[in-house]
Amino acid sequence: MDRPPGMMDVAREAGVSHITVSRVINGHPSVRPETRARVETAIQKLGYRRNSVARALKSRHSSTIGVVIVGSELFELPRILLGVETAAKQAGYWVSLASRQGESTTADLLETLQRLTDQSVEAIAVVADRSDTVEALSGLSLGVPVAVVMSGNAPDPELSFVEVDQELGARLAVGHLLDLGHRDIAHLTGALRTFDARARVDGWQGELTAAGARGALLEGDFDAESGFRLAHELCDADRLPTAVFAGNDQMAMGVLAAFVERGVKVPHDVSIVGFDDMKGAGYLVPALTTVRQDFAHLGRSAIELLVRRMAGEPAQRHKLTPQLVVRHSTAAPRAHS
């Protein structure tokens, strides 16, 4: 046979009708045990696998949730996807993954979403790092529930959202430094085209203003190289801040390396706080104080929202609370010690 075995081949091998084969495959209770055993033996012998795509197109039920990744600053994506896949499996769904990287247009995004709906996915989770993706989703009629992971702030009642409260995370980081006595706290931000970076700037600025403190804002790109470069710029300025709030742990790692080159001691000369609590943050020298985001929980929550939406509940917005993790990279400023 030069083609994959089909249902009719199984029926001939087992000596039954194709309707009986279909009933066995779908677990219908009206098949006698001996007939069921004969069909299952034939399936194993021929290596038959049912065409799940064709079945989904016919029934419009695929038991599959689509996941679309949009953006290039998603450094903790594996942990998000782990949460997505774990929750989907527990709910009885498979995951179909697609991505759009770099400067994707609305047309690109729509094409990707359409390909997933053509495969009869029952819901879609969009993992995005930019709010313009959310704007592109608003008003689209895809015929399936959609949940946005990470980027928020779109007034569309049909979209579900799950995100970590980025502004609160920044406030926790800066508040910790203020409590230690710092009043000059620089923020080395990630790319401001992203939702997370802008929200963290708002939190940083809000805490400084409330405390009557100050600090420089320098934009980077969420990677270690930009943290390294911006830290050198701080060292070249007339006055070094007593503390640095880095846009994420990758940037903080670059800051630590630059400060070693320039002879700046952490936290004796400058305290540093990161964001994300990336794997290994506790083993940097010194161990990094940071804001922990539970990315696996983020992914799980997106699937839970979609499952409830498929069950008829309205779209919801969930904000997850980040956690400050204090380690050895922060201390009171030297003048206060």
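Our subject in this report is the structure included herewith. Since the structure is predicted, the reported quantities are computational estimates derived from the model, not experimental observations. (Residues numbered from 1 in each chain as written. Predicted model: local features only at pLDDT ≥ 70, side-chain atom pairs only at ≥ 80, totals over all residues. Heavy atoms only, no water.)

**Remarks on the environment of A170**
Let me state the cut-off plainly: Going along the chain from the N terminus, every DSSP run of H or I of four or more residues is numbered as a helix, and every run of E of two or more is numbered as a strand. Only protein chains enter the calculation, and the probe is 1.4 Å; a residue is then buried if its accessible area is under 20% of its type maximum, exposed if over 50%, and partly exposed in between. Every residue pair with non-hydrogen atoms within 4.5 Å of one another is taken to be in contact.
If you trace the backbone, A170 turns up in helix α8 (residues 166-180). The class for A170 is buried, based on a relative accessible area of 0%. Note: C-alpha distance between A170 and F275 (105 residues apart in sequence) is 8.1 Å. With near-sequence residues (within four places) excluded, A170 lies in contact with R200, G203, W204, F245 and F275.

**Things to note about the packing of helix α1 (residues 7-14) against helix α3 (residues 33-46)**
Selection criterion: Throughout, an axis means a line fitted to C-alpha atoms (over the contacting stretch in the case of helices), and angles, computed between N-to-C directions, take values from 0 to 180 degrees. When describing relative orientation, an angle under 35 degrees is termed roughly parallel and one over 145 degrees roughly antiparallel, while 65 to 115 degrees is termed roughly perpendicular and anything else oblique. In this scheme the handedness of a crossing depends on how the near helix is turned from the far one: anticlockwise by less than a right angle means left-handed, clockwise means right-handed. Under the scheme applied, nonpolar residues are Ala, Val, Leu, Ile, Met, Phe, Trp, Tyr, Cys and Pro; charged residues are Asp, Glu, Lys and Arg; polar residues are all the others, including Gly.
Relative to each other, α1 and α3 sit at 120°, their axes nearing to 9 Å. With respect to α3, the element α1 is oriented oblique. Like other packed secondary-structure pairs, α1 and α3 cross with a definite hand, here right-handed. Along its contact with α1, which presents D9, V10, E13 and A14, the element α3 presents R38, V39, A42, I43, K45 and L46. Looking at the contact of α1 with α3 residue by residue, the classes come out as six nonpolar, no polar and four charged.

**Some words on the packing of aromatic side chains**
Put simply, the rule is: A pair of aromatic rings is counted whenever rings of Phe, Tyr or Trp (Trp by its six-membered ring) have centres within 6.5 Å, and the orientation is called stacked for planes under 30 degrees apart, edge-to-face for over 60 and tilted otherwise.
Enumeration according to the criterion identifies one aromatic pair in this entry. Ring plane angle 45° and centroid distance 6.3 Å describe the contact between F245 and F275, whose orientation is recorded as tilted. Here F245 is found in strand β8 (residues 243-246), whereas its partner F275 is found in the loop between β9 (271-273) and β10 (290-292), with 30 residues between them in sequence. Across this residue pair, the class does not change: F245 and F275 are buried.

**Things to note about the sheet that holds strand β6 (residues 185-189)**
Under the convention used in this document: Whether two strands pair depends on DSSP finding at least two bridges between them.
Read from one edge to the other, the open sheet built from four strands follows the order β7-β6-β8-β9, with strand pairing classed as parallel. Here the strands that pair on one side only, and so sit at the sheet edges, are β7 (217-219) and β9. Averaged over all adjacent pairs, the angle separating strand axes in this sheet is 20°, with direction ignored. Across three bridges, β6 lies against β7 in parallel orientation. Among the inter-strand pairings, T189 is bridged to a residue of β7, identified as E219.

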